[in-house]
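# Examination of the molecular architecture
Each chain is listed here by its residues.
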Amino acid sequence: MKFITQIIRILVGITFIFSGFVKMIDPVGTKIKMLEYFSEEVLNLTFLNDYALEISIFLILVEFALGVWLLLGYRKKFTIASLLVLISFFLFLTWYSAYYNAVTDCGCFGDAVKLSPWATFYKNVILIGLIAWIWWQQKYINPLFSKKIRTALAHGTTLLALLLMIYSVRHLPLIDFRPYAVGKNIQECMQIPEGAPKAAFKDIWYYKVDGQVKEFSNEDEPWNIPGAEFVDRKTITLSEGYTPPIHDFSIENESDGDITEAVLNAADIYLIISSNPQHISDKAKHKANEKAKELLKQGKKVIGMFSQTDKTLQQKFAFPLYLTDETTLKTMIRSNPGLIELNSGTVVRKWAWRDF
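Analysis parameters
Residues numbered from 1 in each chain as written. Predicted model: local features only at pLDDT ≥ 70, side-chain atom pairs only at ≥ 80, totals over all residues. Heavy atoms only, no water. 1 Å grid on protein atoms, 1.4 Å probe; cavity = no way out; pocket = protein on both sides within 12 Å on 5 of 7 lines; lining within 4 Å. Points joined across faces, edges and corners; volume = space filled by probe spheres on them. Nonpolar A, V, L, I, M, F, W, Y, C, P; charged D, E, K, R; others polar. Patch = residues over 30% accessible without salt bridge, like charges linked within 9 Å, V, L, I, M, F, W, Y side chains within 5 Å. Areas by Shrake-Rupley, 256 points an atom, 1.4 Å probe, with all protein chains shown as cover. Salt bridge = Lys/Arg side-chain N within 4 Å of Asp/Glu carboxyl O. Helix = DSSP H or I, 4+ residues; strand = E, 2+ residues; numbered from the N terminus. Contact = heavy atoms within 4.5 Å. Phe/Tyr/Trp six-rings, centres within 6.5 Å; stacked < 30°, edge-to-face > 60°. Buried < 20%, exposed > 50% of the residue type's maximum accessible area, 1.4 Å probe, protein only. Expected span 1.5 Å × (residues − 1). Pairing = 2+ DSSP bridges. Axes fitted to C-alpha atoms, helices over the stretch in contact; angles between N-to-C directions.

## Observations concerning empty space enclosed by the protein
Scanning the model with the defined rule gives 2 cavities of 30 Å³ or more in all. Estimated volume of the largest cavity: approximately 50 Å³. Val22, Ile25, Asp26, Gly110, Asp111, Pro173, Ile175, Asp176, Phe177 and Arg178 together form the lining of the largest cavity. By residue class, the composition of the lining of the largest cavity is 5 nonpolar, 1 polar and 4 charged. Taken as a whole, the second largest cavity holds about 40 Å³ of empty space. Residue lining of the second largest cavity: Asp105, Cys106, Gly107, Cys108, Phe109, Gly110, Val113, Leu115 and Thr120, and that is the complete set. A class-by-class count of the residues in the lining of the second largest cavity yields 5 nonpolar, 3 polar and 1 charged.

## Re a nonpolar patch on the surface
A cluster of nonpolar side chains, contributed by Phe92, Trp95, Tyr99, Tyr100, Trp118, Tyr122 and Val125, occupies part of the molecular surface with about 740 Å² of accessible area. Where the nonpolar patch is concerned, the elements lending two or more residues are α4 (76-100) and α5 (117-136). Counting residues per element, the nonpolar patch draws most heavily on α4, at 4 residues. Structurally, the position occupied by Phe92 is in helix α4.

## Describing the environment of Gly257
With respect to the element layout, Gly257 can be found in strand β5 (residues 257-258). Along the primary structure Gly257 and Leu323 are separated by 66 residues, whereas in three dimensions their C-alpha atoms are 9.9 Å apart. Sequence-distant contacts of Gly257, defined by excluding residues within four places in its chain, comprise Ile251 and Glu252.

## Details of the packing of aromatic side chains
Within this structure, the stated rule accounts for 24 aromatic pairs. Judged by centre distance (6.4 Å) and plane angle (35 degrees), the ring pair of Phe92 and Trp95 falls under tilted. Taken together, the positions of Phe92 and Trp95, both in helix α4 and 3 residues apart, correspond to about one turn of that helix. Judged by relative accessible area, which is 41%, Phe92 ranks as partly exposed. For Trp95, a relative accessible area of 31% gives the class partly exposed. Note on Trp95 and Tyr96: the rings are 6.5 Å apart at their centroids and 70 degrees apart in plane angle, and the pair reads as edge-to-face.

## Some thoughts on helix α2 (residues 27-38)
Under the 1.5 Å per step criterion, the end-to-end length of α2 is 16 Å for 12 residues, consistent within 8% with the ideal 16 Å. The set of residues buried in α2 consists of Pro27, Val28, Gly29, Thr30, Lys33, Met34, Tyr37 and Phe38. Looking at the packing, one finds that the buried side of α2 touches α1 (2-24), α3 (52-72), α4 and α6 (147-170).

## Comments concerning the sheet that holds strand β3 (residues 229-239)
Judged by pairing direction, the sheet is antiparallel, and its 3 strands sit side by side in the order β2-β1-β3 without closing on themselves. Single-partner strands in this sheet number two, and they are β2 (212-216) and β3. For this sheet the average axis-to-axis angle between neighbouring strands, irrespective of direction, equals 20 degrees.

## Let's talk about unusual backbone geometry
In this structure, Pro337 follows Asn336 across a cis peptide bond, with omega equal to 0 degrees. With respect to the helices and strands, Pro337 occurs in the loop between α11 (326-332) and β9 (338-343). Phi is positive for Glu221, close to 45 degrees, though the residue is something other than glycine. Its relative accessible area of 38% is what places Glu221 among the partly exposed residues. If you check the backbone angles, Ser344 has positive phi at about 55 degrees while not being a glycine. Following the sequence through the fold, Ser344 ends up in the loop between β9 and β10 (346-352). According to the relative accessible area criterion, Ser344 is partly exposed, its value standing at 37%.

That is the geometry; function is a separate question.
Given below as structure tokens:
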């Protein structure tokens, strides 16, 4: 029993530390995921939108700290009880996402590991069982080190985690798991490899036959049934098929049209990116314009990729603005605005606006 409990303790502790760490380096990504949960289509908690970042930081900090505390044996009963409460909360969220297909990626492991909604739910079912075992056998959870060292490690790691998140919010994630990370080539990430599985669909037809609405497949060819009256058709996805890491990348405006290929083939170009132009601070706007002027004087190409563009907005910036999908921009860079240097479609460098 003691050996099994120690193995479970290590597995649970490492899982929570890893899950907390990969989100800790990108708390803005967790905020984006929380906004999905808060939306009217999911939990309808839109009144929490303004606090999404603070809630994200709190949950990440708790998750990481509890994993460390479990390994240390720090405040044993409180830690195990808190783990049970936290995993129960996660279990509900992942069940809701899976059952109602509300959020297709829960973000449990940030962008580092992608799991399907049901896989995430079953993972949490296993975790709640393991934590329940630890609660039952907590007499075998002995503390490590002396009380002073244990307390210092517990509080010190929690403080370091908080400082790391503050840094990541103000600058950029220390580790970037997304397809727009430095060194990634956008064109390559848009390609579908040969032999990749294709999406499979099934059509279900509803026809009224002899006064009753009946269900048919394509093979039944209900349109050939004499007197059959069409009512409805539904398409069911049998398998998703392969989706490339980047599948919604485009750059366009009214005057120049689509310039995606030109940008991706440019030898050296700088992209000033904003997923929410209306919320760019005056200081950030000033720094973006100054940086653009500096690059233009050096003979560099500079464009803006914004989620919204119009004449009024264009007058506020010293570089041409183009329209790109908001979700794509959030994935490209977490800072609003941010700067990316591209060379023939390869990401060379990235900066948050504070680091211009």
